[in-house]
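So you can see what is in the structure, the chains are spelled out below.
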Amino acid sequence: MNERDLSISPDFFDKTIDRAAANSLKWNHYADPDVIPLWVADMDFQSPPAVCRILADCAERGTYGYTLAGDQTAEAVCHWMHERHDWQIKPEWIVWLPGLVVGLNVVCRAVGNSGDAVVTTTPVYPPFLSAPGLSDRTLITVPHLQQKGESPEWVMDFDALEKAITPQTKLFLLCNPQNPTGRVYSEKELKQLGEICLKHDLWICSDEVHCDLVLDENCRHIPLATISPELAARTITLHSPSKTFNVPGLGMAYAICEDSAMRARLEKVKEGIVPYPNLFGYAGCCASFTHGEPWRQALLSYLRANRDLVLDAVGKMPGLSVSRPEATYLAWIDARELGQHDPAAFFEKAGVGLSGGGAFGDPEFVRLNFACPRALLQKALNRMSAALS
């Protein structure tokens, strides 16, 4: 595949794709087809053309049997982690999964025993709040501190976190970059978190699926497992090409775990319940990490402009304020001054579908996905502004 095949035109992400015709979860969610869906973390852009071509070649072969990862896919993951995040991992550390949410549930079942506790910070990606209970674990939540008018706005409350940990707590669930606030935790913050977890003998499951979507050029994603050898030995990192390259429907994710005994527990929990990823998932993963970088760079540039559009527009809307996301394509909007019991329902009536904050642990917020063509985003922001006029 030559360089011309990998180049992305400036207007690539402006294209409108009729996703409703393809039974899209995102676009077919609302009863009213006029509602602009900016809710679930699913981009409205075509995936990297190089990835599309490789998947088409895979389909043309006409054999769709059970498939293993193979050396090429594992090597692509290892190379990506080394080149992008200065993290030297080994193929044998990878536990393949058919999705990141599956990974959260597998980890909750693998660490500790029935009745133990899992701790996390809120607001947070909803499966963090459901996976412990589904695994017969007790959920402990610690709210982030919101520093209005400061940067970063959302920080961990380490004092409250340490006080919340009990002798039954065995696992901390970390989301970094953070969903929904868009925070990229600093090395200092990760070290402090790591010290607390090691002090209390906790395992850490670090969801780093948005780590390749850092928007602020003064921020750098640091894999938690690279902080120290001690933390590497107690960390299970979840990752996937799904969010970065817009291939969530391929059902591909993996856990990276240095500890062989924990890897064995993860594999044991999967037995009889969790299927292998399919051949398109493996092919898409390998293609994304091998050929997707030019597309990713073009995507980041487009997302930065969309983010700035959201910050400017929402910042002018009465009753709303918005945090500046350092990463992801998600904006966490504070609607506490709006005076609406259900702000997501309010905006849905205005023709804009947002994620309600209740699922993330704070019902007075909404989450907006700005990974869509700019004209559509502007239309949605205009509707929100009109509803508040």
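For the structure, see preceding data.
Everything numeric here is computed off the predicted structure, so don't read it as measured data. (Residues numbered from 1 in each chain as written. Predicted model: local features only at pLDDT ≥ 70, side-chain atom pairs only at ≥ 80, totals over all residues. Heavy atoms only, no water.)

1. Side note on the overall build of the chain
Of regular secondary structure, the chain possesses 13 helices and 15 strands. A compact globule built from 389 residues should have a C-alpha radius of gyration of about 21 Å, and the chain, at 21 Å, falls within 12% of that. Taken over the C-alpha atoms alone, the chain extends approximately 60 × 55 × 40 Å along its principal axes. By residue count, 56% of the 389 residues in the chain fall in the buried class. For the chain, contacts bridging at least 24 residues in sequence account for 74% of all contacts bridging at least 6. Accessible surface computed for the chain: about 16,700 Å², of which carbon and sulfur atoms make up 50%. (Helix = DSSP H or I, 4+ residues; strand = E, 2+ residues; numbered from the N terminus. Rg over C-alpha atoms; globule rule 2.2 N^0.38 Å. Buried < 20%, exposed > 50% of the residue type's maximum accessible area, 1.4 Å probe, protein only. Contact = heavy atoms within 4.5 Å. Areas by Shrake-Rupley, 256 points an atom, 1.4 Å probe, with all protein chains shown as cover.)

2. Overview of the environment of W332
Assignment of secondary structure puts W332 in strand β12 (residues 330-334). The sequence separation of W332 and H144 amounts to 188 residues, and the corresponding C-alpha distance is 13 Å.

3. Points about the pairing of β12
Within β12, five of the five residues are buried, which leaves it mostly tucked inside the rest of the structure. Residue alternation in β12 divides its side chains into two sets, L330, W332 and D334 and A331 and I333, and both sets are buried. Here strand β11 (residues 321-322) runs beside β12; their pairing, made up of two bridges, is antiparallel. Looking at β12, one finds that S321 is bridged to D334. Where β12 meets strand β15 (residues 365-369), five bridges bridge the pair, whose relative direction is antiparallel. Across the sheet, I333 pairs through a bridge with V366, a residue of β15. (Pairing = 2+ DSSP bridges.)

4. A few points about the packing of aromatic side chains
By the definition in use, this model includes 18 aromatic pairs. For the pair W96 and Y254, a centre-to-centre distance of 5.6 Å together with 70° between the ring planes defines the contact as edge-to-face. Highlighted residues: W96 in strand β2 (residues 94-97) and Y254 in strand β10 (residues 253-257), separated in sequence by 158 residues. In this structure W96 comes out as buried when scored by relative accessible area, which is 14%. Using a relative accessible area of 0% as the deciding quantity, one classes Y254 as buried. Measuring from centroid to centroid gives 5.1 Å for F346 and F347, while their planes differ by 75°, and the two rings are edge-to-face. Each member of the aromatic cluster is reached from another via a ring pair, and the members are F12, F13, F45, W80, F245, F289, W295 and Y302. Here R84 stacks its cationic end above the ring of W80, 5.0 Å away from the centre of that ring. (Phe/Tyr/Trp six-rings, centres within 6.5 Å; stacked < 30°, edge-to-face > 60°. Lys NZ or Arg CZ within 6 Å of the ring centre and 35° of its normal.)

5. Quick word on the pattern of salt bridges
Overall, the coordinates contain 19 salt bridges when judged by the stated rule. Two residues, D42 and R19, come together in a salt bridge whose shortest N-O distance is 3.0 Å. Of this pair, D42 sits in the loop between β1 (36-37) and α2 (49-60) while R19 sits in the loop between α1 (3-6) and β1; the two residues are 23 residues apart in sequence, bridging distant segments of the chain. (Salt bridge = Lys/Arg side-chain N within 4 Å of Asp/Glu carboxyl O.)

6. Quick notes on the nonpolar core
Residues Y254, L320, L368, L381 and M384 are the most contacted members of the largest nonpolar core, which totals 73 residues. If sequence neighbours within four positions are ignored, L368 has contacts with L38, V310, Y329, L330, A331, I333, L354, L377, L381 and M384. (Core = buried A, V, L, I, M, F, W, Y, C linked by side-chain atoms within 4.5 Å.)

7. Quick look at the environment of E83
Inspection of the secondary structure puts E83 in helix α3 (residues 70-85). Take E83: its relative accessible area is 46%, and that puts it in the partly exposed class. In the structure, E83 is positioned 217 residues away from L300 in sequence and 18 Å away in space, judged by C-alpha atoms.

8. Comments concerning unusual backbone geometry
Here the amide bond leading from T122 into P123 is cis, since omega sits at 0°, within 30 degrees of zero. Secondary-structure assignment places P123 in the loop between β3 (117-122) and α5 (127-134). Each neighbour pair has its own omega, and for N176 with P177 the value is -5°, a cis peptide bond. Within the secondary structure, P177 sits in the loop between β7 (169-175) and α7 (187-199). Within the chain, N23 stands out as a residue other than glycine whose phi angle is a positive 55°. Structurally, N23 is set in the loop between α1 and β1. Here the phi dihedral of D136 falls at roughly 60°; this positive angle occurs in a residue that is not glycine. Tracing the backbone shows D136 in the loop between α5 and β4 (138-143). Here D136 falls in the partly exposed class, since its relative accessible area comes to 46%.

9. Regarding the packing of helix α4 (residues 100-110) against helix α9 (residues 260-270)
Relative orientation of the contacting elements α4 and α9 amounts to 110°, with a least axis distance of 9 Å. If you check the angle between α4 and α9, you find them roughly perpendicular. Crossing of α4 against α9: the hand is right-handed. Contact residues: V106, V107, R109 and A110 in α4; M262, R265, L266, V269 and K270 in α9. Considered class by class, the residues forming the contact of α4 with α9 number six nonpolar, no polar and three charged. (Axes fitted to C-alpha atoms, helices over the stretch in contact; angles between N-to-C directions. Parallel < 35°, antiparallel > 145°, perpendicular 65-115°, else oblique. Left-handed = near helix turned anticlockwise from the far one by under 90°. Nonpolar A, V, L, I, M, F, W, Y, C, P; charged D, E, K, R; others polar.)

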